[in-house]
Amino acid sequence: MSSNRQAAASSPWRAPILFAVLAILFVLEGTVRNGLFSGSWNTALAILNMGLISAITALGVNMQWGYAGLFNTGVVGFLAIGGLAPVLVSLPPVEGAWAAGGPRLIGSLLVGLGTLALAKIVYTRTRRAWAVALVLIAGFVAYRWLFDPAVSAIEANDSARTGNIGGLGLPVLLSWLVGGAFAAAAAWAVGKVALGLRSDYLAIATLGIGEIIVAVLRNEDWLARGVKNVASIPRPVPYEIDLQQNPAFVDFAGRWGLGVAEASGIWVKLCYLSLFLVVLLAIILLAQLALKSPWGRMMRAIRDNEVAAEAMGKDVTARHLQIFVLGSAVIGIAGAMMITLDGLMAPNGYNPLRYTFLIWVMVIVGGSGNNWGSVLGAILIWFLWIKVEVWGPNLIGVLVGPLPDGDIKAHLLGSAPHMRFIAMGLVLLLVLRFAPRGLVPEK
């Protein structure tokens, strides 16, 4: 039985067959209307677009875990800091914000960075803790002296509508790269501290930094309006209302037998789909080339036996930092893409269960160490995550139908939406039992 399972896992047809089954599920979602599927291409494409963004996120986690064995439990934080990029890059500048506190804000950030650099120099040259502490305290006082008045002035500027620093008015596609750079910078800061320690310290550090980043976004109104949210993020695709007012598009929709509202929604989602596919395929191409290169073989050797790799002269900590930064950059790109798709920056929406745990389920189910497996796992798990919210109540309704009306029946029906959590746990257990290396295991 074990040999048959291993032979099936190594079959070259395994991945194409599984992707074909996944494609059939989306076709059914778009064409069949019953208790299982919506029969709407708008719904099918919406699920697929978010699945592609999840696939990019899973690729970033797979680079860290599958290539190097780094356990990143702060995925939500790197997604969130990547999502900040469209706000700071693509939104137009807020009138009066820079004049109110911009120069002082930039000065405070420079003072903060200068303080950290000076503290490192002092520690390197003197090795005296009191000297480092003195530099940090003086730098902190100077930083707050510049930072607090600047933030107060920016947040007081038209606080009802804006109250934030605004953006640069640049193309939103550029913000995707900037989102990757933001996440890479955060990963470098965390990695410099934690990667030289045992692996469990990295998990603790990333868990903490993830929550810290989300907390900063929630509370620092000057940055992205905090819990008041930022709407109207610019799009790289047309708006539905513009298409509906275009006579040529109205004729096009009529020739396909579609209502103009339905056709405009499908067209916009197809435009997003094209962009997301380009990004996904480019990242997979680069990741595959890297994995098959001497660098990729070195990373897997370090993952499998750090002691032996270090004995061969490899700088394990430096290589870990490198892959941790690269993986986090990919996660940051996905975070910027997600905010662009939603058109809304809402810090309260960054839930670790959705943006950390579920991403890890995608990677494990798909097959850690295999890029195509991560993509398959991400799209499949996201499809199930969305559909189980519909299937769960229907299933519970059938199961409790024979029960008499009462508190027990009402409680079971009220708990039906939580079926998605049970379903994800069940899928994970089944995969770990029957395909412990994932649906498409590493070769």
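Note that the structure is a prediction, hence the values are computed from the model and not measured.

Moving on, we come to the overall build of the chain. Secondary structure summary: the chain contains 19 helices and two strands in total. For a compact globule of 443 residues, the expected C-alpha radius of gyration is about 22 Å, and the chain comes in at 25 Å, within 12% of that figure. Dimensions of the chain, computed from the C-alpha atoms along their principal axes, are close to 75 × 60 × 55 Å. Long-range pairs, those at least 24 residues apart, make up 79% of the contacts in the chain between residues at least 6 apart in sequence. Here the chain has roughly 21,900 Å² of accessible surface; of this, 69% comes from carbon and sulfur atoms.

Under the counting rule described, the total for this entry stands at eight salt bridges. As a salt-bridge pair, arginine 144 and aspartate 148 come within 2.8 Å of each other at their nearest N and O atoms. Note that arginine 144 and aspartate 148 are positioned in helix α6 (residues 129–156) at a spacing of four residues, about one turn of the helix. Ionic contacts of the salt-bridge type, sharing partners, join the residues Arg300, Arg303, Asp304 and Glu442 into one network.

We now examine the packing of helix α2 (residues 14–31) against helix α17 (residues 371–399). Direction vectors running N to C along α2 and α17 enclose 30°, while the axes themselves pass 11 Å from each other. Classified by the angle between their axes, α2 and α17 sit roughly parallel to one another. In this structure, α2 meets α17 at a crossing whose hand is left-handed. Across the interface between the two elements, Leu18, Phe19, Leu22, Leu25, Phe26 and Glu29 of α2 pack against Trp372, Val375, Leu376, Ile379, Leu380, Phe383 and Lys387 of α17. Residues that form the contact of α2 with α17 fall into these classes: eleven nonpolar, no polar and two charged.

Turning to unusual backbone geometry, a few remarks are in order. In this structure, aspartate 158 is a non-glycine residue whose phi angle is positive, near 50°. Relative to the helices and strands, aspartate 158 resides in the loop between α6 and α7 (172–194). Assessed through its relative accessible area of 32%, aspartate 158 is described here as partly exposed.

Turning our attention to helix α15 (residues 316–342). With 27 residues, α15 extends 39 Å from end C-alpha to end C-alpha; this agrees with the ideal 39 Å at 1.5 Å per step. Burial analysis of α15 places 20 of its 27 residues in the buried class, the great majority of the element.

By the assigned domains, the chain splits into domain 1 (2–93 + 166–434) and domain 2 (94–165). Across the boundary between the two partners, domain 1 contributes twelve residues, which contact 14 residues of domain 2. At the boundary of domain 1 and domain 2, one finds zero salt bridges. Summed over the shared surface of domain 1 and domain 2, the number is five residue pairs in polar contact (both at pLDDT 80 or more). Broken down by element, the residue count for the side of domain 1 that touches domain 2 peaks at four residues, all from helix α9 (residues 221–224).

Together, Trp98, Ile106, Leu109 and Leu110 make up an exposed nonpolar region whose accessible area comes to about 370 Å². A relative accessible area of 57% places leucine 110 in the exposed class.

Turning our eyes to something else, we now look at the side chain of threonine 115. Mapped onto the elements, threonine 115 comes out in helix α5 (residues 97–126). Residue threonine 115 is classed as buried on the basis of its relative accessible area of 10%. A polar contact is formed between the side chain of threonine 115 and the backbone oxygen of valine 111, at a distance of 2.7 Å.

Here helix α3 (residues 41–68) crosses helix α13 (residues 294–304) at 65°, and the two axes come no closer than 7 Å. With respect to α13, the element α3 is oriented roughly perpendicular. When α3 is examined against α13, the residues Trp65, Gly66, Tyr67 and Ala68 are found in contact with a partner set consisting of Trp295, Met299, Arg300 and Arg303. Tallied by class, the residues present in the contact of α3 with α13 amount to five nonpolar, one polar and two charged.

Okay, the packing of aromatic side chains next. Each aromatic ring pair is characterised by the separation of its centres together with the angle its planes make. Scanning the entire structure with this criterion turns up 18 aromatic pairs. Plain terms: the ring middles of tryptophan 65 and tryptophan 360 are 5.6 Å apart, the flat faces sit at 75° to each other, and that makes the pair edge-to-face. Remark: tryptophan 360 occurs in helix α16 (residues 352–366) and tryptophan 65 occurs in helix α3; sequence separation between them is 295 residues. On the accessibility criterion, tryptophan 360 (9% relative accessible area) is buried. Judged by centre distance (5.9 Å) and plane angle (75°), the ring pair of phenylalanine 252 and tryptophan 267 falls under edge-to-face. Pair noted here: phenylalanine 252 is in helix α11 (residues 247–255) and tryptophan 267 is in helix α12 (residues 260–291), with a separation of 15 residues, a long-range link. The exposure class assigned to phenylalanine 252 is partly exposed, which follows from its relative accessible area of 29%. For tryptophan 267, a relative accessible area of 37% translates into the label partly exposed. In this structure an aromatic cluster arises from ring pairing among Phe26, Phe37, Phe383 and Trp391.

Attention shifts here to the side chain of serine 175. Mapping serine 175 onto the fold places it in helix α7. At 2.4 Å, the side chain of serine 175 and the backbone oxygen of valine 172 are in polar contact. Discounting residues that sit within four places of it in the chain, serine 175 has contacts with Ala85, Pro86, Val89 and Ala336.

Another aspect to go through is the environment of leucine 195. Note on placement: leucine 195 falls in the loop between α7 and α8 (199–219). Separated by 104 residues in sequence, leucine 195 and leucine 91 place their C-alpha atoms 36 Å apart. What leucine 195 contacts, discounting residues up to four positions off in sequence, is Leu70, Val190, Leu202, Thr317, His320, Leu321 and Phe324.

Rules of the game
- Sequence order sets the numbering: in each chain, residues are counted from 1 along the sequence as written.
- Totals for whole chains, interfaces and linings use every residue, but because this is a predicted model, local features are given only for residues with pLDDT of at least 70 and side-chain atom pairs only at 80 or more, for both listing and counting.
- To obtain the side-chain values, all non-hydrogen atoms of the structure were included, while hydrogens and water were left out.
- In this description a helix means any DSSP run of H or I spanning at least four residues, a strand means any run of E spanning at least two, and both kinds are numbered starting from the N terminus.
- Only C-alpha atoms enter the radius of gyration, while the globule expectation follows 2.2 Å times N to the 0.38, with N the number of residues.
- For this analysis, residues touch if any pair of their heavy atoms sits within 4.5 Å.
- Note that accessible areas follow from Shrake-Rupley with a 1.4 Å probe, and for residues the cover is restricted to the protein chains shown.
- Salt-bridge detection follows one rule: a side-chain nitrogen of Lys or Arg within 4 Å of a carboxyl oxygen of Asp or Glu.
- Lines fitted to the C-alpha atoms define the axes, with helices restricted to the stretch that makes contact. Angles between their N-to-C directions range from 0 to 180 degrees.
- Geometric relationships in this document are graded by angle, where less than 35 degrees denotes roughly parallel, more than 145 denotes roughly antiparallel, 65 to 115 denotes roughly perpendicular, and other angles denote oblique.
- Take the far helix as the reference: if the near one is turned anticlockwise from it by less than a right angle, the crossing is left-handed, and if turned clockwise, right-handed.
- Amino acids are sorted into nonpolar (Ala, Val, Leu, Ile, Met, Phe, Trp, Tyr, Cys and Pro), charged (Asp, Glu, Lys and Arg) and polar (every other residue, Gly among them).
- The cut-offs for exposure are 20% and 50% of the maximum accessible area for each residue type, with area from a 1.4 Å probe on protein chains only; residues under the lower value are buried, those over the upper are exposed, and the others partly exposed.
- Helix span, expected: 1.5 Å multiplied by one less than the number of residues in the helix.
- Boundary definitions for the domains trace back to an automatic or database domain assignment.
- Counted as a polar contact is a pair of N or O atoms within 3.5 Å, where, for protein atoms, one must be capable of donating a hydrogen and the other of accepting one, and residues adjacent in sequence contribute only when both atoms are in side chains.
- Patch criteria: residues need more than 30% relative accessible area and no salt bridge. Like-charged residues are merged within 9 Å; nonpolar side chains of Val, Leu, Ile, Met, Phe, Trp and Tyr are merged within 5 Å.
- Any two rings among Phe, Tyr and Trp, with Trp reduced to its six-membered ring, count as a pair given centres within 6.5 Å; such a pair is stacked if its planes are under 30 degrees apart, edge-to-face if over 60, and tilted if neither.

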